Amino acid sequence: MSEQRTVWGIGLATTSENGTILDTWFPEVHAGTGDDADTASATAAWAEYAGPDARRAARVEIVTVSIDLDAAPASTPDAYLRLHALSHRVVRPNDVNLDGIFAHLPIVAWTTAGAMHPDDAERLRPALQRAGIQVHSLDKFPRLLDFVTPPGVRIADASRVRLGAYLSPGTTVMHEGFVNFNAGTLGSSMVEGRISQGVVVGDGSDIGGGASIMGTLSGGGTHRVSIGARTLLGANAGIGISLGDDCIVEAGLYVTAGSKIVLPNEPPLHDGSRPIVKGAQLSGQNSLLFRRNSLTGAVEAVRREGVGVTLNEALHA
């Protein structure tokens, strides 16, 4: 029988006047279950931040949450602890059960003063404006930086990274980069494109400007795409298959599982033509260059040698 995997934390839960738990902030996340002494100490440390907040028509309460990472989320604080566990690097993407998480995340008016119920934000808009409080988004997920500051990471635009993103030290997310929840980087990476839910990017890889990595939230199958180490996804390129180490996808090329790909390095067929395979058959393989033939327009996968990409060490130190 496998050992139960658990995490726990003391959180500050924001509840609206109608009883909706809007969010829960966990300053720290710990593996295991914690004991009474741990709980008492953490509760005392954060007690001063609990209480009513008339500006937001809400109140903040201290909650103690312990969860089984392999069980599905059971409440809003439970869901938020899972997202915090990812962003605090306690668990890696796809290593925590998030089934049904959307049902436990209400739509929230995220303001410069914290979470509000959307109805309260509309009702109190004149008072909010007088106080200089602005609504910056209406969403189920907050910005990562409103809850967690991952050490050793650069994020140019806070609105582009959701809570639940896993960002390793040395990662740079530029202004047009985007990292969804339950996704992220496993080492130093340059992110100028989109990393969708469930996607992980290996150490030393570069997601070029405008590039897109297909996720599973809006269809497209169940395959969770991954990118290996030292791999380059060129500007405005995209993938729906996994890439291994030291791969390159040329700028502007989108490779999906159903893409027909010519293999120029393979022996010719009996009629002299080169073998053609679907993209799914190359998923996860190392040292491939995906390109479009400038004469025929055919997509090709060429075996290559050497390192795929070398990041600028000064940018990712």
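How each quantity is defined
Residues numbered from 1 in each chain as written. Predicted model: local features only at pLDDT ≥ 70, side-chain atom pairs only at ≥ 80, totals over all residues. Heavy atoms only, no water. UniProt positions renumbered as here; feature names shortened; annotations may be inferred. Pairing = 2+ DSSP bridges. Helix = DSSP H or I, 4+ residues; strand = E, 2+ residues; numbered from the N terminus. Expected span 1.5 Å × (residues − 1). Buried < 20%, exposed > 50% of the residue type's maximum accessible area, 1.4 Å probe, protein only. Contact = heavy atoms within 4.5 Å. Polar contact = N/O pair within 3.5 Å; in protein donor to acceptor, adjacent residues only side chain to side chain. Phe/Tyr/Trp six-rings, centres within 6.5 Å; stacked < 30°, edge-to-face > 60°.

Taking an unreviewed UniProt entry as the reference, the chain is identified by name as 2,3,4,5-tetrahydropyridine-2,6-dicarboxylate N-succinyltransferase belonging to Microbacterium laevaniformans. Regarding the chain, the UniProt comment filed under Pathway (unreviewed entry) reads as follows: "Amino-acid biosynthesis; L-lysine biosynthesis via DAP pathway; LL-2,6-diaminopimelate from (S)-tetrahydrodipicolinate (succinylase route): step 1/3." Here is the UniProt Catalytic activity (unreviewed entry) comment for the chain, exactly as written: "(S)-2,3,4,5-tetrahydrodipicolinate + succinyl-CoA + H2O = (S)-2-succinylamino-6-oxoheptanedioate + CoA".

> Would you mind showing me how to read the pairing of strand 2 (residues 21-25) here?
Strand direction decides the pairing type here: strand 1 (residues 6-16) and strand 2, joined by 4 bridges, are antiparallel. Considered in strand 2, the bridge of Thr-14 is made with Asp-23. Here strand 1 folds back onto strand 2, and the loop between the two strands holds 4 residues, one of which, Gly-19, carries a positive phi near 90°.

> I would appreciate a short explanation of unusual backbone geometry in the present structure.
When glycine is set aside, most residues are seen to have a negative phi, and most peptide bonds are trans. With phi around 55°, Ala-57 is a residue other than glycine that occupies positive phi space. Looking at the element boundaries, Ala-57 is found in the loop between strand 4 (51-53) and strand 5 (58-68). Unusually for a residue other than glycine, Arg-230 sits at a positive phi of about 55°.

> Just checking my understanding: could you explain the sheet that holds strand 13 (residues 183-185) for this structure?
Hydrogen bonding along the main chain pairs the strands of a sheet, whether they run parallel or antiparallel. Across the sheet, 4 strands lie side by side as 10-13-16-19; this open sheet has parallel pairing. The open sheet has two free edges, formed respectively by strand 10 (165-166) and strand 19 (226-227), since each of these has just one partner strand. Pairing between strand 10 and strand 13: 2 bridges, direction parallel. Along strand 13, the bridge assignment pairs Tyr-166 with Gly-184.

> Just checking my understanding: could you explain helix 2 (residues 76-87) for this structure?
Helical geometry note: an α-helix holds 3.6 residues per turn, so side chains three or four residues apart project in the same direction. Counted at 1.5 Å a residue, the expected span for helix 2 with its 12 residues is 16 Å, and the 17 Å between its end C-alpha atoms agrees. Of the positions making up helix 2, those classed as buried are Thr-76, Pro-77, Asp-78, Ala-79, Tyr-80, Leu-81, Arg-82, Leu-83, His-84, Ala-85, Leu-86 and Ser-87. In this fold, the buried residues of helix 2 make contact with strand 1, strand 2, strand 5, strand 6 (108-111) and strand 10. Two to three positions downstream of the cap, the backbone nitrogen of Asp-78 sits 3.2 Å from a side-chain oxygen, assigning the N-cap of helix 2 to Ser-75. Remark: Arg-89 follows helix 2 within two positions and exhibits a positive phi of approximately 65°.

> Just checking my understanding: could you explain the packing of aromatic side chains for this structure?
Applying the stated rule across the entire model yields 7 aromatic pairs. Note on Trp-46 and Tyr-49: the rings are 5.7 Å apart at their centroids and 40° apart in plane angle, and the pair reads as tilted. You can call Trp-46 partly exposed: its relative accessible area is 22%. Relative to Phe-141, the ring of Phe-102 lies with its centre 5.8 Å away and its plane at 75°, an arrangement referred to as edge-to-face. Of this pair, Phe-102 sits in the loop between helix 2 and strand 6 while Phe-141 sits in the loop between strand 8 (135-139) and strand 9 (154-155), and the two are 39 residues apart along the sequence. According to the relative accessible area criterion, Phe-141 is buried, its value standing at 3%.

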